[in-house]
Amino acid sequence: MAIERTFSIIKPDATRRNLTGKINAKLEDAGLRIVAQRRIQMSQAQAESFYGVHKERPFFGSLVSFMTSGPVVVQVLEGENAVAKNREVMGATNPENADAGTIRKEFAESIEANSVHGSDSPENAAIEIAYFFAGSDIVG
Ligand code: IDP
Ligand code: MG
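Residues numbered from 1 in each chain as written. Chains lettered and ligands numbered in written order. Predicted model: local features only at pLDDT ≥ 70, side-chain atom pairs only at ≥ 80, totals over all residues. Heavy atoms only, no water.

Asker: Would you mind showing me how to read the nonpolar core here?
Answerer: General note: in soluble globular proteins, nonpolar side chains tend to be found buried as a group. In this structure, Phe7, Ile9, Met42, Met67, Val74, Phe132 and Phe133 are the most contacted members of the largest nonpolar core, which totals 22 residues. Looking at this core, the elements that each hand over two or more residues are β1 (3-10), β2 (33-40), α3 (44-50), α4 (60-67), β3 (72-80) and α7 (122-132). Residue contributions to this core peak at five residues, all from α4. Not counting residues up to four positions away in its chain, the partners in contact with Phe133 are Phe7, Ala36, Gln37, Arg38, Val74, Gln75, Val76 and Ile138. Ranked by size, the runner-up nonpolar core spans 14 residues in total, among them Ala14, Leu27, Leu32 and Leu77. (Core = buried A, V, L, I, M, F, W, Y, C linked by side-chain atoms within 4.5 Å. Buried < 20%, exposed > 50% of the residue type's maximum accessible area, 1.4 Å probe, protein only. Helix = DSSP H or I, 4+ residues; strand = E, 2+ residues; numbered from the N terminus. Contact = heavy atoms within 4.5 Å.)

Rendered as structure tokens:
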């Protein structure tokens, strides 16, 4: 299995509750390596563009305002099968449906304020990583 990279965000509901370290521990315990990380305040334009694929969905406006409501931690994770592995550690979008032990089951507040983002494919991972990081920011 080839080493892969994925893009992750620790969302404002989690940074607000000081959960960055606990979430990072779950990522690292799953064998994912945090090879780049930065804490930022997302602008409205950044959030709208990042979530552009959802712009016709009824929750789009609320999602953008949530994602800009406080700091987020953007990350690049590296490991075997990193995209799928991160999705597994994250748990289902709706925390009510997430498996025990997953980040969303343990920490999410709601289907919207669900603590983490993770890329859904290697192709989208590459696009999302390039949106926030230069190649020289990533040290594997
Ligand atoms: P994912 O984060 O598990 O990949 P997506 O369907 O890509 O889920 O949705 C992106 C984000 O939009 C979710 O993580 C969540 O924050 C928000 N979201 C998704 N569905 C809903 C909803 O039905 N109501 C409110 N927010 C939602
Ligand atoms: Mg998604």
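Asker: What should I look at first to understand the pattern of salt bridges in this one?
Answerer: It is possible for side chains bearing opposite charge to pair when their charged atoms get close. Overall, the coordinates contain four salt bridges when judged by the stated rule. One salt bridge in this structure joins Arg17 and Glu109, with 3.3 Å as the shortest N-O distance. Of this pair, Arg17 sits in the loop between α1 (12-16) and α2 (20-29) while Glu109 sits in the loop between α6 (103-107) and β4 (116-118), placing them 92 residues apart in sequence. When its relative accessible area of 34% is taken as the criterion, Arg17 is described as partly exposed. (Salt bridge = Lys/Arg side-chain N within 4 Å of Asp/Glu carboxyl O.)

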